[in-house]
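This is what each chain is made of:
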Amino acid sequence: MLRAYAICIYIFLYLPISLIVFFSFNAGKYAMAWEGFSVFWYGKAFSNPLIMGALRTSIIIALSTAVLSAIIGTLTALGLERIRGWLRVTVDALIYIAIMVPGIVIGISTLIAFVSLFDVVNPSLAGLGIKLQMGTWAVIAAHVLFNIAVVALLVRARLQGMDRSLVDASEDLYATPMGTFRQVVLPLLAPSILAGFLLAFTFSFEDFIIAYFVSGPDTTLPIYIFSSIRRGVTPEINAVGSVVLLTSFVLLIVAQAALRRGENMRAT
């Protein structure tokens, strides 16, 4: 019964997704009317300059977010290992809250913060011919806010399971603190950092809610898809959605493999 229940749950979760993938190969121009197998809509989607522009913007945002989140999140995790008491408890709570806060709250709060900043800074920059406004950089800043917490939690989990005797042995062999970090700590943390990088990339690439509030004139791929489906779902949108879905699955699988590799290294 438990096996049948699990199968039903997976069917419920993935059947709608599989329909999108299935109808992305539809030869007809209507999304839900099957007229034969074809990859025409994939070619049409990737020859659409609007889609390619939105895809390029999403990749730039996701890569920038992943790099910044991996660096800052790793430094945050390393710093938290060196503090104790109420300060550590407070920072831990703030990290968990950053993950639990709904995306719409982050989007609205970030929008208000940027608008308030622009009102203060733009009058001073007017003489230089510079005017700050919403755009790609604002989306990157907003995405980094919550992805830092994701990376920090993954790296901290790896730090807590790391064998401290390796660090002590490196210090006994007169290695410098930077040398110990580069040759001992960083290789052990690499799988969790890579997993955090990939998860941050995935979360940023597929985000719609936060980007919708702070993207300004720039259009990400999720925003383009949302704008397109308001006029009706077409096989072209199904093709784009299938590619995004496949990309997310691949990145999540690689992230999971990296975490398992880290666990195997810890076990050995």
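For the structure, check the block above.
First things first, this report covers the structure right here in the doc. Just so you know, these numbers come straight off a predicted model, no measurement behind them. (Residues numbered from 1 in each chain as written. Predicted model: local features only at pLDDT ≥ 70, side-chain atom pairs only at ≥ 80, totals over all residues. Heavy atoms only, no water.)

**Section: the side chain of Ser192**
Inspection of the secondary structure assignment puts Ser192 in helix H8 (residues 177–205). Looking at Ser192, the relative accessible area reads 3%, which means it is buried. (Helix = DSSP H or I, 4+ residues; strand = E, 2+ residues; numbered from the N terminus. Buried < 20%, exposed > 50% of the residue type's maximum accessible area, 1.4 Å probe, protein only.)

**Points about empty space enclosed by the protein**
Using the criterion set out here, one finds one cavity of 30 Å³ or more in the structure. Approximately 40 Å³ is the volume found for the largest cavity. Contributing to the lining of the largest cavity are Ser58, Ile61, His143, Ser204, Phe205, Asp207, Ala211, Thr220 and Pro222. Residue assignment for the lining of the largest cavity shows that the elements contributing at least two residues are helix H3 (49–80) and H8. Broken down by class, the residue content of the lining of the largest cavity amounts to four nonpolar, four polar and one charged. (1 Å grid on protein atoms, 1.4 Å probe; cavity = no way out; pocket = protein on both sides within 12 Å on 5 of 7 lines; lining within 4 Å. Points joined across faces, edges and corners; volume = space filled by probe spheres on them. Nonpolar A, V, L, I, M, F, W, Y, C, P; charged D, E, K, R; others polar.)

**Let's talk about the layout of surface pockets**
Considered as a void within the structure, the largest pocket measures approximately 370 Å³ in volume. Along the walls of the largest pocket sit 18 residues, with Ile20, Ile225, Gly241, Val244 and Leu245 positioned nearest its centre. Broken down by secondary-structure element, the contributors of at least two residues to the lining of the largest pocket are helix H1 (2–23), helix H10 (221–229) and helix H11 (235–267). No other element matches H11, which puts seven residues into the lining of the largest pocket. For the lining of the largest pocket, the class distribution of residues is 13 nonpolar, four polar and one charged.

**Observations concerning the packing of helix H6 (residues 136–160) against H8**
Contact pair H6 / H8: the axes reach a minimum separation of 9 Å and the direction vectors enclose 155°. When the interaxial angle is binned, H6 and H8 end up roughly antiparallel. Our pair here, H6 against H8, has a crossing hand that is right-handed. Along the contact surface, H6 presents His143, Phe146, Asn147, Val150, Val151, Leu154, Val155, Arg158 and Leu159, while H8 presents Leu188, Leu189, Ser192, Ile193, Ala195, Gly196, Leu199, Ala200, Phe203 and Ser204. Residues that form the contact of H6 with H8 fall into these classes: 13 nonpolar, five polar and one charged. (Axes fitted to C-alpha atoms, helices over the stretch in contact; angles between N-to-C directions. Parallel < 35°, antiparallel > 145°, perpendicular 65-115°, else oblique. Left-handed = near helix turned anticlockwise from the far one by under 90°. Contact = heavy atoms within 4.5 Å.)

**Side note on H6**
Compared with an ideal rise of 1.5 Å per residue, which puts 25 residues at 36 Å, H6 spans 36 Å between its outermost C-alpha atoms and is within 8% of the ideal. Of all bends in H6, the biggest is about 35°, found at Leu145. Counted residue by residue, H6 has 18 buried out of 25 residues, so it is predominantly covered. (Expected span 1.5 Å × (residues − 1). Bend = angle between axes of the 7 residues up to and from the residue.)

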